[in-house]
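So the chains spell out like this:
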Number of protein chains: 2
Amino acid sequence: MRRSKKERQHLLTITINDNPFITDEELAEKFQVSVQTIRLDRLELSIPELRERIKTVAERRFEDEVRSLPLEEVIGEIIDIELDQSAISIFDVKEEHVFKRNNIARGHHVFAQANSLAVAVINDELALTAKANIQFIRSVKLNERVIAKARVTKIDENVGRTFVEVKSFVNNELVFTGELEMFRSKNR
Amino acid sequence: MRRSKKERQHLLTITINDNPFITDEELAEKFQVSVQTIRLDRLELSIPELRERIKTVAERRFEDEVRSLPLEEVIGEIIDIELDQSAISIFDVKEEHVFKRNNIARGHHVFAQANSLAVAVINDELALTAKANIQFIRSVKLNERVIAKARVTKIDENVGRTFVEVKSFVNNELVFTGELEMFRSKNR
DNA sequence: CTACTCTTAGTACCTAGTCATAAGATCTCG
DNA sequence: CGAGATCTTATGACTAGGTACTAAGAGTAG
């Protein structure tokens, strides 16, 4: 025996885990045993066949995509919206949003939430930010939850502009305000 | 004919794109044609078979595990910097930064570049954005390269504020300007 | 009517397996 | 040393989800 059964099975688990794309034949070659032995091993260890393994990896990715894309599309989760009137979103500040040194959120993430919300509240295919006047009232820290509230203050259909006011809060404390002038295609 | 060939192939592309896990048999059922027709369609459209599709999804996921984690520290690459004076950064607009519908960059990415640069130019451990007044002069599109130039206009050591002006260009054309009031700890 | 596109059918073959059976090889213990 | 248990290998039948190729029928346009 080149290796004890136990040893081989242990290495098998590790190998497959590391590279789920490996076939039984390649594994047999690697451990210098027959393909049948590998299959018995997988059976004992309840390791599914190559195709099933690949499928689960792909499925995991697919679920992630559904979950992670809108997290990139829109910064913050929109929990309430009335088109052309108001909208609310939640944004949880995580590790990736803060300065490592002091755990304070980078300003542009707070702005991104407000900006995304302003784009979303507008009942139009094409909404772009034209101008913005913003204030960071107090810094937002790691693990804080920012609630952004957007309110449409004025719609000027002639020049195709919509004015949105966004106020962001952490525990009812105002942390950010912004007035965003949004461009929209003329037709509503 | 239930549907024209063209129509069916168009829907086929969409369907598979939406759910790569669908088999030819299921597709045949869905479009009320034979499995062979589906295979001819895939051949014409160069859509690989189910297993290959699943595999590429899985592989992409596998590669992503390395790539996806860092939600960039600094948006844009800083190519020149003179502390407390000026700085320049480059930001290439990619797929993930634009609205799918019209390939226009989301405003907050352009702002993020400017904000990151303003933070970087300040010669201090702790620089935060206090206020910002920004204008998006013209929209930035996919694959454009944005050059942001930051200039420190005023340093008020008493109140610990630094004023930074950022102008962003695409091919020497001004696309964004911003005046950022930055907070810094008193000591230089 | 012919030529052409589109669709369907069928065959042989492929990969990467499963499941079941059988037989040889090796180890352990009494 | 030998019997039984464990381990390993082989073989055959079958599977899903295809590819590649040939052939034939239906419908349509010139």
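What comes next is a walk through the structure.

Quick notes on the rules
Residues numbered from 1 in each chain as written. Chains lettered and ligands numbered in written order. Predicted model: local features only at pLDDT ≥ 70, side-chain atom pairs only at ≥ 80, totals over all residues. Near = placed C-beta within 6 Å. Helix = DSSP H or I, 4+ residues; strand = E, 2+ residues; numbered from the N terminus. Nonpolar A, V, L, I, M, F, W, Y, C, P; charged D, E, K, R; others polar. Axes fitted to C-alpha atoms, helices over the stretch in contact; angles between N-to-C directions. Parallel < 35°, antiparallel > 145°, perpendicular 65-115°, else oblique. Contact = placed C-beta atoms within 7 Å. Pairing = 2+ DSSP bridges. Buried ≥ 20, exposed ≤ 12 C-beta atoms within 10 Å, placed from the backbone.

1. Quick word on the protein's contact with DNA strand D
So, point 1. Near DNA strand D, the surroundings consist of 14 residues, among which Val33 and Thr37 of chain A together with Thr23, Glu49 and Leu50 of chain B are the closest.
So, point 2. Elements that contribute at least two residues to the surface near DNA strand D include exactly helix H3 (35-45) of chain A together with helix H3 (35-45) and helix H4 (50-67) of chain B.
So, point 3. Its residues assigned to classes, the surface near DNA strand D shows four nonpolar, four polar and six charged.

2. A word on unusual backbone geometry
So, point 1. Of note, serine 46 of chain A is a non-glycine position whose phi angle comes to about 55°, a positive value.
So, point 2. Checked against the element boundaries, serine 46 of chain A lands in the loop between H3 and helix H4 (50-73).
So, point 3. For asparagine 143 of chain B, which is not glycine, the phi torsion reads 75° and is therefore positive.
So, point 4. One can find asparagine 143 of chain B in the loop between strand S3 (127-136) and strand S4 (145-156).

3. Some remarks on the packing of helix H2 (residues 24-31) of chain A against H3 of chain A
Between two packed helices, what matters for the description is the angle formed by their axes and the separation of those axes.
Residues and elements named next belong to chain A.
So, point 1. Contact geometry for H2 and H3: axes closest at 8 Å, N-to-C directions at 105°. Considered as vectors, H2 and H3 are oriented roughly perpendicular to each other. Two secondary-structure elements touch here, H2 through Asp24, Glu25, Leu27 and Ala28 and H3 through Val35, Ile38 and Arg39.
So, point 2. For the contact of H2 with H3, the per-class residue count stands at four nonpolar, no polar and three charged.

4. So, the interface of chain B and chain A
So, point 1. Each side of the interface is counted separately: chain B has 32 residues, and chain A has 32 residues.
So, point 2. Put simply, the parts of the chain that give the side of chain B that touches chain A at least two residues each are H4, helix H5 (107-121) and S3 of chain B.
So, point 3. Here the side of chain B that touches chain A gets nine residues from one element, more than from any other, and that element is S3 of chain B.
So, point 4. Residue classes in the side of chain B that touches chain A are distributed as 15 nonpolar, nine polar and eight charged.
So, point 5. Bridge analysis of strand S3 (residues 127-136) of chain A against S3 of chain B gives five bridges, and the strand direction is antiparallel. Directly across from glutamine 135 of chain A, in S3 of chain B, lies its bridge partner lysine 131 of chain B.

5. Some words on the pairing of strand S1 (residues 77-82) of chain A
All names here are of chain A.
So, point 1. Within S1, only zero of the six residues are buried, which leaves the element largely exposed.
So, point 2. One ladder, built from five bridges, connects S1 with strand S2 (residues 86-92); its direction is antiparallel. Bridging across to S2, glutamate 82 finds its partner in serine 86.
So, point 3. Between S1 and the antiparallel strand that follows it, S2, lie three residues; aspartate 84 among them carries a positive phi value of about 60°.

6. Comments concerning the protein's contact with DNA strand C
So, point 1. Taken together, 14 residues form the shell around DNA strand C, and within it Thr23, Glu49 and Leu50 of chain A together with Val33 and Thr37 of chain B come nearest.
So, point 2. Listing elements by their share of the surface near DNA strand C, those giving two or more residues are H3 of chain A together with H3 of chain B.
So, point 3. The element best represented in the surface near DNA strand C is H3 of chain B, accounting for three residues.
So, point 4. Here the residues of the surface near DNA strand C sort into five nonpolar, four polar and five charged.

7. Brief notes about the sheet that holds strand S6 (residues 173-184) of chain B
Across a sheet, paired strands are connected by hydrogen bonds in the backbone, their directions being either parallel or antiparallel.
So, point 1. The strand order S1(A)-S2(A)-S4(A)-S5(A)-S6(A)-S3(A)-S3(B)-S6(B)-S5(B)-S4(B)-S2(B)-S1(B) describes an open sheet built from 12 strands, whose pairing is antiparallel. In this open sheet, the two strands that pair with only one neighbour each are S1 of chain A together with strand S1 (77-82) of chain B. Ignoring which end each strand starts from, the neighbouring axes of this sheet average 20° apart.
So, point 2. Here strand S5 (residues 161-170) of chain B runs beside S6 of chain B; their pairing, made up of 10 bridges, is antiparallel. Its bridge partner lying in S6 of chain B, lysine 167 of chain B is registered against threonine 177 of chain B.
So, point 3. The strands touched by helix H5 (residues 107-121) of chain A are S1, S2, S3, strand S4 (145-156), strand S5 (161-170) and strand S6 (173-184) of chain A together with S3 of chain B; relative to S4 of chain A, the strand with the most contacts, the crossing angle is about 45°.
So, point 4. Sheet strands touched by H5 of chain B: S3 of chain A together with S1, strand S2 (86-92), S3, S4, S5 and S6 of chain B. Its angle to S4 of chain B, the strand with the most contacts, is close to 45°.

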